[in-house]
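Listed here are the chains, written in short residue letters.
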Amino acid sequence: MSAPTLSRRRVLTAGLASIALPVWAANERTSLQVWKDPNCGCCKDWIAHLEKNGFAATVIDQGNNAARARLGMPQKFGSCHTALIQGYVIEGHVPAADIQRLLKEKPKALGLSVPGMPVGSPGMDGPSYDNRRDAYQVLLIQRDGSTTVFNTYPRG
């Protein structure tokens with residue numbers, strides 16, 4: 001009589017685990033550190049974009065020039081904030097989907113950059129920019145400073 005009960009318990013436990021595990025995994029947020037100026041509004045908007053897309057940001061409000069240099073991101077790819085996530089440097093208004101792709105594909109690279117502050121990129125978008133969208137590229141930056149285009153966003 002105990003064997004069927006044990007079998008039912010195992011089935012019930014496995015069933016509950018199959019329901020609970022995906023819910024738990026879905027609530028896991030990928031952590032990153034962001035260096036930015038304490039008064040920068042577009043940086044705050046970019047961080048909000050990331051948090052809506054499953055990231056958890058630790059913000060260091062002391063500017064990003066020293067962090068960018070320390071992390072090895074060349075100044076010519078600079079923007080108003082610099083982030084570090086799972087060993088990759090993220091410079092500027094990189095969309096969350098591109099960061100997720102980077103973390104999934106795991107290329108041997110320094111990280112991603114959207115140089116400057118293109119209107120229409122995450123944090124530089126919405127009604128305050130008249131919903132305008134400039135074309136821009138997300139660059140994959142190699143450790144030697146060379147680049148390839150990781151993604152392209154057309155004018156919209």
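Look up a bit, the structure's there.
Quick look at the structure, then. Everything quoted here is computed from the prediction, not taken from an experiment. Throughout this description, residue numbers start from 1 for each chain and increase along the sequence as written. Reporting of local features is limited, given that this is a predicted model, to residues whose pLDDT is at least 70; pairs of side-chain atoms are given and counted only at 80 or more, and all residues count toward the totals for whole chains, interfaces and linings. In computing side-chain values, all of the structure's heavy atoms are included and hydrogens and water are not.

### A short note on the packing of aromatic side chains
Okay, so step 1: Any pair of Phe, Tyr and Trp rings, taking the six-membered ring for Trp, is counted once the centres come within 6.5 Å. Such a pair is stacked with planes under 30 degrees apart, edge-to-face with planes over 60 apart, and tilted for the rest. By the definition in use, this model includes one aromatic pair.
Okay, so step 2: The interplanar angle of 15 degrees and the centroid separation of 4.9 Å between the aromatic rings of Y136 and Y153 together place this pair among those described as stacked. Placement of the pair is Y136 in strand β6 (residues 136-141) and Y153 in strand β7 (residues 147-153), with a sequence separation of 17 residues.
Okay, so step 3: Burial classes: relative accessible area under 20% of the type maximum marks a residue as buried, over 50% as exposed, and values in between as partly exposed (1.4 Å probe, protein chains only). For Y136, a relative accessible area of 7% gives the class buried. We count a stretch as a helix when DSSP gives it H or I for four or more residues in a row; a strand needs E for two or more, and each element gets its number in order from the N terminus.

### Some points on helix α2 (residues 41-52)
Okay, so step 1: Here a helix's expected span is defined as the number of its residues, less one, multiplied by 1.5 Å. Counted at 1.5 Å a residue, the expected span for α2 with its 12 residues is 16 Å, and the 17 Å between its end C-alpha atoms agrees.
Okay, so step 2: Among all positions in α2, only C42, C43, W46, I47 and L50 are buried. The arc that holds the buried residues of α2, viewed along the axis, is 145 degrees, so those residues lie on one side.
Okay, so step 3: If you follow the buried residues of α2, they end up packed against β1 (30-36), β2 (55-60), β3 (81-85), β4 (88-92) and α4 (96-105).
Okay, so step 4: Of the residues one or two after α2, G54 is the one with positive phi, at around 95 degrees. By construction, the arc corresponds to the directions joining the helix axis to the C-beta atoms. Note on contacts: a residue pair qualifies if any of its non-hydrogen atoms lie within 4.5 Å across the two residues.

### Some remarks on the nonpolar core
Okay, so step 1: The nonpolar core is taken to be a set of buried Ala, Val, Leu, Ile, Met, Phe, Trp, Tyr and Cys residues, with the residues joined through side-chain atoms within 4.5 Å. Of all hydrophobic cores here, the largest spans 23 residues; its most connected members are W46, I90 and I99.
Okay, so step 2: Only β1, α2, β3, β4, α4, β5 (111-114), β6 and β7 provide two or more residues apiece to this core.
Okay, so step 3: Top element by residues in this core is α4. It accounts for four residues.
Okay, so step 4: The contact partners of I90, leaving out residues within four places of it in the chain, are W46, H81, T82, A83, I85, I99, L102 and L112.
Okay, so step 5: One finds I60, F77, V89 and L139 within the second-largest nonpolar core, a separate group that totals 10 residues.

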